[in-house]
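Close look at the chain arrangement
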Amino acid sequence: MNKKVLLLLTFILPVFIYAQTSSVKGKIVFPTTGIAVPNAIVDFVNRDTMIVVNSDKDGVIVADLPYGDYNLLIHLGEATYSPRAIVVQKEQLDLGEVRLENIVVDYKANEENIPTVSLSETDVADEGSQNISSALGASRDIFISTTSFIMSNARFRIRGYDPENFLTYMNGIPVNDLESGATTWGQWGGLNNVFYNRENRIGTQPTSFTFGGVGGAYSFDSRASTQRKQLQVSYANTNRSYRHRLMATYSTGMMKHGWALSLSASRRWAHEGYVPGTFYDGYSYYISVQKYFGNKHSINLTVVGAPTRNGSSAPATKESYNLAGTNYYNPNWGYYQGVKRNATVGNTHQPLMILTHEWKINKSSSLLTGVGFTFGKRERTALDWNNAANPRPDYYAYLPSYIEDTIYRLASQAEMRNNEELRQIDWDKMYEANLMSFETISNIDGNADSSITGKRARYIVENRVKDTKRFNFNTVYNNHLSENIMLTAGLNYQMQVSRYYKEVADLLGADFYVDVNQFAQRDFPDSFSVAQNDLNHPNRILYVNDRFGYDYVITAHHANGWLQSVFQYNHFDFFVSGQVSYTGFQRDGKMKNGLFPDNSFGKSEMKNFINGAAKAGATYKINGRNYIHLNGFFENRAPFYENAFTSPRTRNDFAPNLKSMNIYSGELGYQYRSPNVRLKANLYYTQFVDDTRTFSFYDDDERSLVNYTLTGMNLRHYGGELGLDGKIYKGFSGSVVLAMGRYTYTSRPLATVTQDNSATILRENEVVYAKGFNVGGTPQLATSFGLNYRAPQFWFLSVNLNYYDWMWLDYSPARRTESAVELIEPNSAQWHSVLDQEKLKGQFTMDLYAGYSWKLNNNFRDMKRNIYLVFNVGINNITNNRQFVTGGYEQTRFDYRFANADKFPNKYFYSSGTTYFVNVTFRMN
């Protein structure tokens, strides 16, 4: 052979061999049903390269891969799967059906799992942008997992938003409460094993199940067919709100004839939690049954519930904490017959039933329809009293600071420090007062000839009840109109009927209680009718379980329709979405209040709102690893009915100038993803315009419950977010999460102040000088640095260092008015003590997590099924930082006479010291 030709082949042949590529095909399907999975993100990864493709509407993937060995990773929602490794060594390779098995989960998002699959430690080279996947379906997000798990101990809220700005869906229906817009997570608490399938969207990105809120949306899929086939039993011991947890789960996977069944139950309990005087007793249950009818239809019924009873704690002033010698002082309890008894006990059970139908219309379109119904009560007890002294041990008039004489004040301090009973509820004293209270009550139920004599209660335990029934219908249609265009449309209707009332829970040794308004009796001593809580039953005698005080129903309706189009191309994705909604609500009083006889009994007018929303965005895919997106959002949102009435306990009046709020938001983000590094960074800017809020408190000057309604409230939230995680070296990986923002009030809202025992408006359209104050209750700067080690022997160790700052107490509008400071010299020390908002100190915490997974089959070869024992331990706040104020508030009560801010001092919540969670799990699949 010619030497020149031979020399040429010597250089060309290796290049030709290296350049050999294979056309690889496959179809992504669900493991039990074999149904295609559209729009999954599929990574082909080895030490030299990573190729990323998307499955099409039929679940099909096509990729051109250089010859070599690859790990296959599939990302769907928050889950990452590693079904198998492949070898590419021929021109065409058909993978056949690739099933979503061998899930890789984030142990921080689920305490009971640890990763068992990892990629090569070697960095990979950048590749071209062939078949670049859409960032819209990005997999596990370190920012979401860290902020929702680790930072929850600091009461962190994403972007500082209130809960109503995040929508939550389960099996195709929304589950947010129509009263406040918040998600009642406790409805399915304790069922971790069956709620790991979820899709999270933070911010204004498009979703496949809802238009979404400005904060984002969450979707849980707890249908039976999505549960991994297994039998799992676990026990956990902890020193947090509960001490013990026992949990069992059984799932069949898809069986013959298209059936699937999944069951789960748990119990969590503690005779006393971390805070003295608290307790916990909670059960949880879940059942899901699914039937497939061929490949097109499936029906699933899911029932969940979590009956829970718990004794709660309350925030306190620094004086009370100092007297008790601990930041975990709890004024809610006292000894009764030698046993701790809590006066504020929650009791909740609201089962949720969801019937879901999925219809695979054809290869490109589907319809998911859900019907849901929830019912049940949320109850909380409290003390009530009539013609008696305030029984709360931390009442301001009982504290040493209330005593002007120095000698007596110091003596009182010493006595309260040394005698715990003085700092707690005196149950025996209340029983004694009731036993000594003999009285004759005449004119019972308005009958002049009717009377009763006996021990009339001075003190009782009342039970405040919210009894809710909510119906929900939701349907979502998805259609891949073409290879590049996806259309999604949805319709939703919700109706919620909630009844609010009080009932007698315990007469504390007395014979009866009387349903009268003691404050109205005091203010109108010559009027029999004005003092009645219910003129339809005046002077009604009350026994245990009888309703009193207030009783009303609020019926709310909400409906919306939305449409979304997503366009996906090689380098650009676009989306546009719009929504139209209707909201209406009405109060129906069941008692005729003596102070408001013409405006309390019967139905109010129906308040109706028609609203709209729109959002749009674009993503530029630089290459297979780098993405930039820009989104815009607008929503005109009806007020939630918890803020719509000035005093729903007593009358039908709506808040003045009640109107919808406007929300404007923009978001700019960057994302980088490779086998070894994932990075996501966002900048956001949001304005809330014309918000309305109503809250109530007891005013000592008025000696009545006072209702404070703010209208025209504007807020601005802006900042940045960073989530970075990546491999470091041979099992070591690290993460950085940073959330930094500024959340402030940007207007001077108007306050209307009313009270429950008078028709007189105390203050109307009073200017509240709130502009520039900070939103409290959450860190505006939060960061976490994590270092993880995962051994080949299936154990891991992780340490997180966390820092929180830019925290403020919630401000009281009553202190930011002209009437509050009109007698104070401007810029004096007293002026600043009244007007300045308290900034809390920055705090550091440290957390440790570890786990080990033992596959018993490796030691016992005769086992026919895979059996695992999984051990996990988590230790939070290792440094035992007990000075971490996670929140609090300024008391709304204010001393207008002397403008003394210390008369009703601020109250605080403290983070727990060192806590632990130890769990052992037996799993067979």
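Residues numbered from 1 in each chain as written. Predicted model: local features only at pLDDT ≥ 70, side-chain atom pairs only at ≥ 80, totals over all residues. Heavy atoms only, no water.

For the rest of this paragraph, the subject is the overall build of the protein. Helices and strands together make up the secondary structure of the protein, namely 8 helices and 50 strands. On C-alpha atoms alone, the protein measures out to a radius of gyration of 31 Å, which is about the 29 Å that the 2.2 N^0.38 rule sets for 925 residues. When its C-alpha atoms are laid out on the principal axes, the protein stretches across 125 × 65 × 55 Å. With 925 residues in all, the protein has 56% of them scored as buried. Look at the contacts in the protein between residues 6 or more apart in sequence, and 71% of them connect residues 24 or more apart. When the accessible surface of the protein is summed, it comes to about 39600 Å², and 55% of that surface belongs to carbon and sulfur atoms. Both charge centroids of the protein, one from 92 positive and one from 86 negative side chains, sit 8 Å from each other. (Helix = DSSP H or I, 4+ residues; strand = E, 2+ residues; numbered from the N terminus. Rg over C-alpha atoms; globule rule 2.2 N^0.38 Å. Buried < 20%, exposed > 50% of the residue type's maximum accessible area, 1.4 Å probe, protein only. Contact = heavy atoms within 4.5 Å. Areas by Shrake-Rupley, 256 points an atom, 1.4 Å probe, with all protein chains shown as cover. Lys, Arg positive; Asp, Glu negative; His and termini not counted. Charge placed at Lys NZ, Arg CZ, Asp CG, Glu CD.)

Moving on: the nonpolar core. Counting 67 residues, the largest nonpolar core has M170, F195, Y708 and Y811 as its most contacted members. The greatest single-element share of this core, amounting to 5 residues, is contributed by strand β38 (residues 704-729). Once you skip the residues sitting within four places of it in the chain, F195 turns out to touch M170, W188, F220, S222 and V304. Counting residues in hydrophobic clusters, the runner-up holds 21 residues, among them F44, I61, L72 and I86. (Core = buried A, V, L, I, M, F, W, Y, C linked by side-chain atoms within 4.5 Å.)

A surface patch of like charges, here negative, comprises E420, E421, D426, D428 and E432. Mapped onto the fold, E420 is located in the loop between α4 (406-418) and α5 (427-435). Classification of E420 by relative accessible area gives partly exposed; the value is 33%. (Patch = residues over 30% accessible without salt bridge, like charges linked within 9 Å, V, L, I, M, F, W, Y side chains within 5 Å. Salt bridge = Lys/Arg side-chain N within 4 Å of Asp/Glu carboxyl O.)

It is worth spelling out the pairing of strand β37 (residues 677-699) at this point. When strand β36 (residues 661-673) meets β37, the two strands line up antiparallel, connected through 12 bridges. The residue bridging G669 from the neighbouring strand is N682, located in β37. With 20 bridges joining them, β37 and β38 adopt antiparallel strand pairing. Bridging from a neighbouring strand, Y685 pairs with Y718 of β38. (Pairing = 2+ DSSP bridges.)

Within this structure, the stated rule accounts for 41 aromatic pairs. Taking 4.6 Å as the distance between ring centres and 45 degrees as the angle between the ring planes, the aromatic pair formed by F732 and Y789 counts as tilted. Linking F732 in strand β39 (residues 732-745) with Y789 in strand β42 (residues 781-790), this pair joins segments that are 57 residues apart in sequence. Residue classification places F732 among the partly exposed positions, given a relative accessible area of 37%. Relative accessible area serves as the criterion here: at 22%, Y789 is assigned to the partly exposed category. Three or more aromatic residues joined by ring pairs form one cluster here, namely Y161, F166, W185, W188, F195, Y218, F220 and F688. Across the ring face of Y196, the terminal group of R228 is positioned such that the distance to the ring centre comes to 4.3 Å. Across from the ring centre of Y501, 3.8 Å away, lies the NZ or CZ of R547, which sits over that ring. (Phe/Tyr/Trp six-rings, centres within 6.5 Å; stacked < 30°, edge-to-face > 60°. Lys NZ or Arg CZ within 6 Å of the ring centre and 35° of its normal.)

Attention shifts here to empty space enclosed by the protein. Taken as a whole and assessed by the stated rule, the structure comprises 11 cavities of 30 Å³ or more. Of the pockets and cavities examined, the largest cavity occupies roughly 520 Å³. In terms of lining, the largest cavity is formed by 31 residues, of which the most central are L167, H558, E635, R637 and F640. At the level of elements, β10 (166-170), β28 (485-506), β31 (547-568), β32 (572-589) and β35 (626-637) are the ones that each hand at least two residues to the lining of the largest cavity. Grouping the constituent residues of the lining of the largest cavity by class yields 11 nonpolar, 16 polar and 4 charged. (1 Å grid on protein atoms, 1.4 Å probe; cavity = no way out; pocket = protein on both sides within 12 Å on 5 of 7 lines; lining within 4 Å. Points joined across faces, edges and corners; volume = space filled by probe spheres on them. Nonpolar A, V, L, I, M, F, W, Y, C, P; charged D, E, K, R; others polar.)

A word on the pairing of strand β40 (residues 750-755). With 5 of 6 residues buried, β40 lies mostly within the body of the structure. One ladder, built from 6 bridges, connects β38 with β40; its direction is antiparallel. Bridging from a neighbouring strand, L710 pairs with A751 of β40. Across 4 bridges, the pairing between β40 and strand β41 (residues 758-767) is antiparallel. Of the residues in β41, the one forming a bridge with L750 is V767.

Now for the pattern of salt bridges. In this structure the tally under the stated criterion is 32 salt bridges. As a salt-bridge pair, R267 and D281 come within 3.0 Å of each other at their nearest N and O atoms. You can see R267 sitting in strand β16 (residues 259-270) and its partner D281 sitting in strand β17 (residues 279-293), a full 14 residues away along the chain. For R464, the salt bridge goes to E462, with nearest N and O atoms at 2.7 Å.

Among the 9 residues of helix α2 (residues 142-150), 7 are classified as buried, and the element is accordingly described as predominantly covered. Every buried residue of α2 is accounted for by I142, F143, I144, S145, T146, T147 and I150. Those residues of α2 that are buried are in contact with β12 (198-202), β38, β39, β42, β43 (795-805) and β46 (843-855).

With 91% of its residues at a pLDDT of 70 or more, the protein has an overall mean of 88. Within the model, the stretch residues 103-139 combines pLDDT values under 50 with 143 contacts to residues more than four positions away or in other chains. (pLDDT = per-residue confidence, 0-100.)

This next bit is on the sheet that holds strand β1 (residues 21-29). Pairing is mixed in the open sheet, where 3 strands are placed in the order β4-β1-β8. Pairing within the sheet leaves two strands with one partner each, and these edge strands are β4 (60-66) and β8 (92-99). Ignoring strand direction, the axes of neighbouring strands in this sheet form an average angle of 20 degrees. Where β1 lies against β8, 6 bridges are found, and the strand directions are parallel. Note on β8: the bridge partner recorded for I28 is V98. (Axes fitted to C-alpha atoms, helices over the stretch in contact; angles between N-to-C directions.)

Taken residue by residue, α5 has W427, M430, Y431 and N434 as its buried positions. The arc that holds the buried residues of α5, viewed along the axis, is 100 degrees, so those residues lie on one side. Of the exposed residues in α5, the ones pointing more than 90 degrees away from its buried face are K429 and E432. The inward-facing, buried residues of α5 abut β20 (333-336), β21 (339-342), β24 (365-385), β26 (447-455), β27 (459-480) and β28. (Arc of directions from axis to C-beta.)

What follows is about the sheet that holds β10. If you walk across this open sheet you meet the 4 strands as β11-β10-β13-β12, and the pairing is mixed. Here the strands that pair on one side only, and so sit at the sheet edges, are β11 (173-174) and β12. As paired strands, β12 and strand β13 (residues 216-220) are joined by 5 bridges and run antiparallel to one another. Across the sheet, the residue bridging to R198 is F220, located in β13.

Together, Y569, F572, F574, Y620, I622, I628, L630, L668, Y670 and L683 line one region of the surface with nonpolar side chains, adding up to about 880 Å² of accessible area. Among the elements of the structure, β32, β35 and β36 are those that each provide at least two residues to the nonpolar patch. By the element assignment, L668 lies in strand β36.

With respect to the helices, strands and loops of the structure, N479 is situated in strand β27. Of the residues examined, N479 reaches a relative accessible area of 12% and is grouped as buried. Among the polar contacts listed, one links the side chain of N479 to the side chain of Y477, at a separation of 2.6 Å. Apart from the residues lying within four places of it in its own chain, the contact partners of N479 are S364, S365, I485, M486 and L487. (Polar contact = N/O pair within 3.5 Å; in protein donor to acceptor, adjacent residues only side chain to side chain.)

Phi is positive for N171, which is not a glycine, with a value near 50 degrees. For N171, the position within the fold is in the loop between β10 and β11. The backbone phi angle of W806 is positive, close to 55 degrees, even though this residue is not glycine. Inspection of the secondary structure assignment puts W806 in the loop between β43 and β44 (807-808). Given the relative accessible area of 28%, W806 is considered partly exposed.

The topology assignment puts N900 in the loop between β48 (885-889) and β49 (907-910). Look at N900 and you get partly exposed, because its relative accessible area is 32%. In sequence terms N900 and K360 are 540 residues apart; their C-alpha atoms lie 67 Å from each other. Setting aside residues up to four positions removed in sequence, N900 forms contacts with F894 and D895. Side-chain polar atoms of N900 contact the backbone nitrogen of D902, separated by 3.0 Å.

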